Amino acid sequence: MIYLLLGTMLLVAVLVIVFPLYRQEKRLSLNSAIGVAVILAVAIPIYAVIGSPQTDSPAHGELPSVDEMVGSLAERLREQPDDLPGWKLLARSYVQMRDFPSAVTAYERAIELEGAQNGQTLADLGEVLMLEDARAIHGRAGQLFENALAVSPNNQKALFYSGMAAAERGERELAAERWETLLATGPPANIQDILRQQIAELRGEPAPVATQPADKALTVRVTLGETAIQEVPADSTVFIIARDPAQPSPPIAAVRRIASELPADVQISDADAMIPGRVPSAFAELEIVARVSMSGNPIAQSGDWFGQQLVATADTDQISLMIDEQVP
């Protein structure tokens, strides 16, 4: 699930940054194409910055390196070539390592095992081909997005890229239809505004007035429990995190404080969002976590102190949160 969510986050980033370029240039120019490739290439690791406070962390030095883990997986797949989940995991791992040719090979094996009947895998391969060369949208990558839609008509990634390719070919009505379908899948509110504006331009209609969601702040009263007060150094970093209860990682928004500042009233708003288009005000429920990093590491470690609470955002704009639990 994390990779599916990550793909959605990358799509949001592409929509926010590339659409203004596209609007200005009226075509998928070299600047726009490079923008797509750069976003995809650099955005992959950002979701891991904060981590989950409940996640156990092995002692330092116990984990093998990423290269060793990926190499071990590749070796196992040579012995078990029909392991479909393994090939997908290997492909995603290669993408994170920016070894795009190897990722292409792994995705091609996964597609072979699926009989080319999984729209998401087809779209993922098309995206990796664009990481190698953004102009592939006019060649094999573009065809993969079309194939993905034939299997999964509502695939967000395929809808976005195929719409962009159609607009570049001058097929304005097809591009508008693709982006209308994407709009119907429920992207974030500000992305919906961008899509509506692009659809109106494609059809020669007046641009709709963009709606600006209210930036409603949630005030969190953060305090340390009695035991935590005795254990936590005054200069420790405290992360106050808002996340989706259904999919905790990546976080939606994050704020930093120092333990010596507690107790304190901390406000979390859309301005604290970690990824454009994914903002706290868009969620009916938020899980608020306050975590003291005992090691200074932004990723949760064993021994960190934390507190958390589920919040219905329509019911309240302030909560009290005590840091009184410890990560095992």
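Quick look at the structure, then. (Residues numbered from 1 in each chain as written. Predicted model: local features only at pLDDT ≥ 70, side-chain atom pairs only at ≥ 80, totals over all residues. Heavy atoms only, no water.)

### Overview of the pairing of strand 6 (residues 305-312)
The sheet contact formed by strand 5 (residues 285-293) and strand 6 spans eight bridges and is antiparallel. Bridge pairing in strand 6 links Val292 to Trp305. Alignment of strand 6 against strand 8 (residues 325-326), held across two bridges, turns out to be antiparallel. Residue pairing across strands places Trp305 opposite Gln326, the latter belonging to strand 8. (Pairing = 2+ DSSP bridges. Helix = DSSP H or I, 4+ residues; strand = E, 2+ residues; numbered from the N terminus.)

### Focus: the packing of aromatic side chains
The description of an aromatic ring pair rests on the distance of the ring centres and on the angle between the ring planes. Considering all chains together, one arrives at two aromatic pairs under this definition. Taken together, the ring pairs connect Phe145, Phe160 and Tyr161 into an aromatic cluster. (Phe/Tyr/Trp six-rings, centres within 6.5 Å; stacked < 30°, edge-to-face > 60°.)

### Topic: the environment of Phe100
With respect to the helices and strands, Phe100 occurs in helix 5 (residues 100-114). The exposure class of Phe100 is buried, given its relative accessible area of 10%. Expressed as a C-alpha distance, the spacing of Phe100 and Glu132, which sit 32 residues apart in the sequence, is 6.4 Å. Sequence-distant contacts of Phe100, defined by excluding residues within four places in its chain, comprise Val95, Val128, Leu131 and Glu132. (Buried < 20%, exposed > 50% of the residue type's maximum accessible area, 1.4 Å probe, protein only. Contact = heavy atoms within 4.5 Å.)

### Let's talk about the nonpolar core
One finds Leu90, Leu125, Val128, Leu129, Phe145 and Trp179 to be the most contacted residues of the largest nonpolar core, which totals 48 residues. Looking at this core, the elements with two or more residues in it are helix 3 (66-79), helix 4 (84-96), helix 5, helix 6 (119-132), helix 7 (140-151), helix 8 (156-168), helix 9 (172-184) and helix 10 (189-202). When residues in this core are grouped by element, the largest group, eight residues, is from helix 8. Core analysis: the second largest hydrophobic core is formed by 27 residues, Val232, Leu262, Val266 and Leu321 among them. (Core = buried A, V, L, I, M, F, W, Y, C linked by side-chain atoms within 4.5 Å.)

### Here's the deal with the packing of helix 6 against helix 7
It is at 8 Å that the axes of helix 6 and helix 7 come closest, and there the two elements cross at 165 degrees. Taken as axis vectors, helix 6 and helix 7 run roughly antiparallel relative to one another. For the crossing formed where helix 6 meets helix 7, the hand is left-handed. Facing Gly119, Leu122, Ala123, Leu125, Gly126, Glu127, Leu129 and Met130 of helix 6, the residues of helix 7 in contact are Arg140, Ala141, Leu144, Phe145, Asn147, Ala148 and Val151. Here the residues of the contact of helix 6 with helix 7 sort into 10 nonpolar, three polar and two charged. (Axes fitted to C-alpha atoms, helices over the stretch in contact; angles between N-to-C directions. Parallel < 35°, antiparallel > 145°, perpendicular 65-115°, else oblique. Left-handed = near helix turned anticlockwise from the far one by under 90°. Nonpolar A, V, L, I, M, F, W, Y, C, P; charged D, E, K, R; others polar.)

### Things to note about the sheet that holds strand 8
Reading across the sheet, the five strands line up as 3-2-5-6-8 and stay open at both edges, with antiparallel pairing between neighbours. Each end of this open sheet is capped by a strand with a single partner; those strands are strand 3 (253-258) and strand 8.

### Looking at the sheet that holds strand 4 (residues 264-268)
Strands sit in the order 4-1-7 across an open sheet of three strands; the sheet is mixed. Among the strands making up the open sheet, the edge pair consists of strand 4 and strand 7 (318-323). Averaged over neighbouring strand pairs, the angle between their axes works out to 30 degrees when direction is ignored.

### Some words on the pattern of salt bridges
One pass over the full model with this rule turns up 16 salt bridges. Of the charged contacts in the structure, one is a salt bridge between Arg203 and Glu180, with a shortest N-O distance of 2.3 Å. Of this pair, Arg203 sits in the loop between helix 10 and strand 1 (218-224) while Glu180 sits in helix 9; the two residues are 23 residues apart in sequence, bridging distant segments of the chain. Owing to a relative accessible area of 35%, Glu180 belongs among the partly exposed residues under this scheme. (Salt bridge = Lys/Arg side-chain N within 4 Å of Asp/Glu carboxyl O.)

### Looking at the side chain of Lys88
Note on placement: Lys88 falls in helix 4. A relative accessible area of 15% places Lys88 in the buried class. A distance of 3.3 Å separates the side chain of Lys88 from the side chain of Thr121, its partner in a polar contact. Contacts of Lys88, omitting those with residues within four sequence positions, involve Ala110, Glu114, Asn118 and Thr121. (Polar contact = N/O pair within 3.5 Å; in protein donor to acceptor, adjacent residues only side chain to side chain.)

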